[in-house]
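Residue strings, one per chain:
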Amino acid sequence: DQQVKQNSPSLSVQEGRISILNCDYTNSMFDYFLWYKKYPAEGPTFLISISSIKDKNEDGRFTVFLNKSAKHLSLHIVPSQPGDSAVYFCAAGRTIIQGAQKLVFGQGTRLTINP
Amino acid sequence: KAGVTQTPRYLIKTRGQQVTLSCSPISGHRSVSWYQQTPGQGLQFLFEYFSETQRNKGNFPGRFSGRQFSNSRSEMNVSTLELGDSALYLCASSVISGTLYEQYFGPGTRLTVT
């Protein structure tokens, strides 16, 4: 049972345009959501997170939107740059005790920014 | 502030051996999690430690174990290695800041079992 799904394995966007990466989840108990960027042979790089009490969080070029009723989150990158080309993972976590989390990751979306 | 560090970066072992991987979290982070990444299964949660106690555990056999020391450094041990244990093992340290949860990954240890 895949609780976190990224249905698009790849996405190609023109440099300077907006990149929108999508993620769906099934467990309504998730209360934290995170986005990561990953280059080959490296660990994931944390980008941005959002709590379930919010519906939007912004950090520079990155904005995450959360739609709890649809169990959907998205990452917007504006403007897209060639260095953004990487695999993007969304992750969802459920607070258990004392801030404990058990993150579940999607399968990733490969973003390619074309010059 | 230094990031999450993992040692060694690369490791080659043979079936049946055991291996210990090490992780040093970001200074001030008390939670350390371990993940296994493989091409077929993606990123899978192994376990999480906080203040030297295992708080969460993923669906991995008992051959996978870990511990955390008083300085928050953590080790992961895999005994009786199998070919399927070949993977990138990632350590992450995390912190809650206000309403935001942030988890940062190390570069990983690439384990190859032959």
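Note that the structure is a prediction, hence the values are computed from the model and not measured.

Thoughts on the overall build of chain B
The helix and strand tally for chain B stands at 0 helices and 11 strands. When the elements of chain B are put in sequence order from the N terminus, they spell out β-β-β-β-β-β-β-β-β-β-β. C-alpha atoms of chain B, sized along the principal axes, occupy 45 × 25 × 25 Å. Counting over 114 residues, chain B shows a buried share of 50%. In chain B, once contacts between residues fewer than 6 apart in sequence are set aside, the share between residues at least 24 apart is 53%. Taken as a whole, chain B presents about 5200 Å² of accessible surface, with 49% of it coming from carbon and sulfur. Each charge class in chain B can be summarised by its mean position, and for the 11 positive and 6 negative side chains these summaries are 4 Å apart.

Points about the sheet that holds strand 6 (residues 56-59) of chain A
All names here are of chain A. On the basis of which strands lie adjacent, the open sheet formed by 5 strands has the order 1-3-8-7-6 and antiparallel pairing. Where the open sheet ends on each side, the last strands, each with one partner, are strand 1 (4-5) and strand 6. The pairing of strand 6 with strand 7 (residues 62-67) spans 4 bridges and is classified as antiparallel. Counterpart to E58 in the pairing with strand 7 is T63.

Focus: the state of the cysteines
One pass over the full model with this rule turns up 2 disulfides over all chains. Paired through a disulfide, C23 of chain A and C90 of chain A show a sulfur-sulfur distance of 1.9 Å. Taking the sign of the torsion about the S-S bond as the criterion, the disulfide between C23 of chain A and C90 of chain A, at about 60°, is right-handed. Here the residue C23 of chain A occupies a position in strand 3 (residues 19-25), and C90 of chain A occupies one in strand 9 (residues 86-93), the gap between them amounting to 67 residues. A residue is classified by how much of its surface remains accessible, and C90 of chain A, at 1% relative accessible area, is buried. Linked covalently through their sulfurs, C23 of chain B and C91 of chain B form a disulfide whose S-S length is 1.7 Å. What sets the handedness of the C23 of chain B and C91 of chain B disulfide is the S-S torsion sign, and at about -55° it is left-handed.

Details of the sheet that holds strand 1 (residues 5-7) of chain B
Pairing between the strands of a sheet is mediated by backbone hydrogen bonds and can be parallel or antiparallel. All names here are of chain B. With respect to topology, 4 strands assemble into an open sheet ordered 1-3-8-7, the strand pairing being antiparallel. The sheet is open, and its two borders are formed by strand 1 and strand 7 (64-68), each paired with just one other strand. The average angle at which neighbouring strand axes cross in this sheet is 20°, direction not considered. Note that strand 7 and strand 8 (residues 74-78) share 5 bridges and pair antiparallel. Of the residues in strand 8, the one forming a bridge with G66 is M76.

Considerations on the confidence of the model for chain A
Per-residue pLDDT for chain A has a mean of 91; in total, 94% of the residues score no lower than 70. Across chain A, the element-wise mean pLDDT spans from 89 in strand 10 (residues 104-105) of chain A up to 98 in strand 8 (residues 72-77) of chain A.

Rules and cut-offs
- Residues numbered from 1 in each chain as written.
- Chains lettered and ligands numbered in written order.
- Predicted model: local features only at pLDDT ≥ 70, side-chain atom pairs only at ≥ 80, totals over all residues.
- Heavy atoms only, no water.
- Helix = DSSP H or I, 4+ residues; strand = E, 2+ residues; numbered from the N terminus.
- Buried < 20%, exposed > 50% of the residue type's maximum accessible area, 1.4 Å probe, protein only.
- Contact = heavy atoms within 4.5 Å.
- Areas by Shrake-Rupley, 256 points an atom, 1.4 Å probe, with all protein chains shown as cover.
- Lys, Arg positive; Asp, Glu negative; His and termini not counted.
- Charge placed at Lys NZ, Arg CZ, Asp CG, Glu CD.
- Pairing = 2+ DSSP bridges.
- Disulfide = S-S within 2.5 Å.
- Axes fitted to C-alpha atoms, helices over the stretch in contact; angles between N-to-C directions.
- pLDDT = per-residue confidence, 0-100.

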